[in-house]
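For reference, the chains in residue letters:
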Amino acid sequence: MDTVVFKQNHVQPLEKITYERPSSLCDVHTHYCPGCTHGTAHRLVAEVLDELDIREDTILVSSVGCSVFSYNYFDVDACEAAHGRAPAMATGVKRVNPGKIVFTYQGDGDLASIGTAEIIHAAARGEKITVIFVNNAIYGMTGGQMAPTSLLGQKTTSSPFGRDAQLAGMPIHMAELLAQLPGTVYSVRRSLHDARHVLQAKKAIRTAFEAQIDNLGFSVVELLSSCPTNWGMTPNEALTWVEEALVPFYPLGDYKVDERLQGRKGAPK
Amino acid sequence: MATGRIVIDAERCKGCELCRPACPQSVIQLAESLNTKGYRPAMLVDPLHSCTGCALCAVVCPDGCITVYRDLPQKQTSLPKYEMKETLAHVEAVA
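Residues numbered from 1 in each chain as written. Chains lettered and ligands numbered in written order. Predicted model: local features only at pLDDT ≥ 70, side-chain atom pairs only at ≥ 80, totals over all residues. Heavy atoms only, no water.

J.: Would you mind going over the overall build of chain A in detail, with residue names and values included?
T.: The helix and strand tally for chain A stands at 10 helices and nine strands. If you line up chain A on its principal axes, its C-alpha atoms span 70 × 40 × 35 Å. Contacts in chain A between residues far apart in sequence, at least 24 positions, make up 66% of those at least 6 positions apart. Split by element, the accessible area of chain A, about 11100 Å² in all, is 54% carbon and sulfur. Mean positive and mean negative side-chain charge positions of chain A (24 and 29 charges, respectively) differ by 4 Å. (Helix = DSSP H or I, 4+ residues; strand = E, 2+ residues; numbered from the N terminus. Contact = heavy atoms within 4.5 Å. Areas by Shrake-Rupley, 256 points an atom, 1.4 Å probe, with all protein chains shown as cover. Lys, Arg positive; Asp, Glu negative; His and termini not counted. Charge placed at Lys NZ, Arg CZ, Asp CG, Glu CD.)

J.: Can you explain the environment of F69(A)? Please cite residues and give values.
T.: Residues and elements named next belong to chain A. Looking at where F69 falls in the secondary structure, it is placed in the loop between β3 (58-62) and α2 (70-73). Relative accessible area serves as the criterion here: at 36%, F69 is assigned to the partly exposed category. In this structure, the C-alpha to C-alpha distance between F69 and H31, residues 38 residues apart in sequence, is 8.3 Å. (Buried < 20%, exposed > 50% of the residue type's maximum accessible area, 1.4 Å probe, protein only.)

J.: If you had to explain the packing of helix α1 (residues 38-52) of chain A against helix α8 (residues 195-213) of chain A to someone new, which residues and values would you point to?
T.: All names here are of chain A. Put simply, α1 and α8 touch, their axes get as near as 9 Å, and they point 50° apart. With respect to α8, the axis of α1 lies oblique. By crossing handedness, the relation of α1 to α8 is classed as right-handed. Contacts between α1 and α8 pair T40, R43, L44, V45, E47, V48, L49, E51 and L52 from the former with V198, A201, K202, I205, R206, F209, E210 and I213 from the latter. Of the residues that constitute the contact of α1 with α8, the class distribution is 10 nonpolar, one polar and six charged. (Axes fitted to C-alpha atoms, helices over the stretch in contact; angles between N-to-C directions. Parallel < 35°, antiparallel > 145°, perpendicular 65-115°, else oblique. Left-handed = near helix turned anticlockwise from the far one by under 90°. Nonpolar A, V, L, I, M, F, W, Y, C, P; charged D, E, K, R; others polar.)

J.: I'd like to hear about the layout of surface pockets, residue by residue, with values.
T.: For the second largest pocket, the calculated volume is near 240 Å³. Lining the second largest pocket are 14 residues, with Y19(A), E47(A), E51(A), L199(A) and K202(A) positioned closest to its centre. Of all the secondary structure elements, the ones that give two or more residues to the lining of the second largest pocket are β2 (15-19), α1 and α8 of chain A together with α2 (56-60) of chain B. If one sorts the elements of the lining of the second largest pocket by residue count, α8(A) sits on top with four residues. In terms of residue class, the lining of the second largest pocket is built from six nonpolar, two polar and six charged. (1 Å grid on protein atoms, 1.4 Å probe; cavity = no way out; pocket = protein on both sides within 12 Å on 5 of 7 lines; lining within 4 Å. Points joined across faces, edges and corners; volume = space filled by probe spheres on them.)

J.: An account of the packing of aromatic side chains is requested, with residue identities and associated values reported.
T.: Here the distance between the centres and the angle between the planes together describe a pair of aromatic rings. Enumeration according to the criterion identifies seven aromatic pairs over all chains in this entry. The interplanar angle of 80° and the centroid separation of 6.3 Å between the aromatic rings of F69(A) and Y71(A) together place this pair among those described as edge-to-face. Of the aromatic side chains, those joined through ring pairs into one cluster are F74(A), F103(A), Y105(A) and F209(A). We note R5(B) situated over the ring of Y69(B); from NZ or CZ to the ring centre the distance is 4.3 Å. (Phe/Tyr/Trp six-rings, centres within 6.5 Å; stacked < 30°, edge-to-face > 60°. Lys NZ or Arg CZ within 6 Å of the ring centre and 35° of its normal.)

J.: How would you sum up helix α3 (residues 86-96) of chain A? Please name residues and give values.
T.: Among the residues making up α3(A), those that are buried are A86(A), P87(A), A90(A), T91(A), V93(A) and K94(A). Where α3(A) is buried, its residues contact β3, β4 (77-80), β5 (101-107), α5 (116-125) and α8 of chain A.

As structure tokens, then:
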């Protein structure tokens, strides 16, 4: 941000950089589809790592799903967990390296389906890890099957007539669920559907990492995300659908904010 | 009103167009040409220099390919006299 550009014979700087790619992201091209908000979530986490200056002390546990290659995209030490087991592996990593900052980056198929037991028990034990939970209401990598978070009536490749509550049950609200557990100190839901909400999401991610830095307990940020390819929409239509369908069903808000986190950026006033 | 510009990494851009509706000045268009991945990258089309450097496009860009610059206010300085003379001489010579 301090970089100043000089042009030819001018002594005064003509312009300054006000926004650039965070250095915690590797200089590679991601495999994500055009318009997938996974990239936005990656960038926000990387910006927070830069701002808090914790990149050298951070360990990522990546999950299975579209985010499976996130260890290639974050310029931090990383390891890959079995499907859904990222919180369990992060528990081990954090207990062996209590001075490190450990976070998992998981999608809804990973965290809310096969990994439900791991995430709930990690939260119940109050493991001092941070979980970035990207909820796009569908299985992206495997071809658009119904996820535990798919909306009622949502058409997917495994529910071609829409999700039926009798057959598949009701969608799970993970942020509210995890907020019930005593070990959780920070559980919020944010959305990535426009610039204002993206900036709010960044503040929440920062608070979640600060909770871990202060050794308070388990912190989770649920990010409502889009999947244009498997929803069968253009990227901008997908963001509109997030706003009009996902946000009303998954209300944005702070479900648990420990009193020690009150008054920080992203915490309610 | 502050002014600025953006630089888009055309090779990294996937042409998702999320930056277009995010831009309050509507100065982002898709290029007619393709990048090596086969996408039409976004580009700044700003003939009136109406970009304010607000960075909203960069905030929503999923691929982090936008760098935002904001112009700094410039103090008024006159050119050194010899430069003026040389410039005038040059103009006269050309004329």
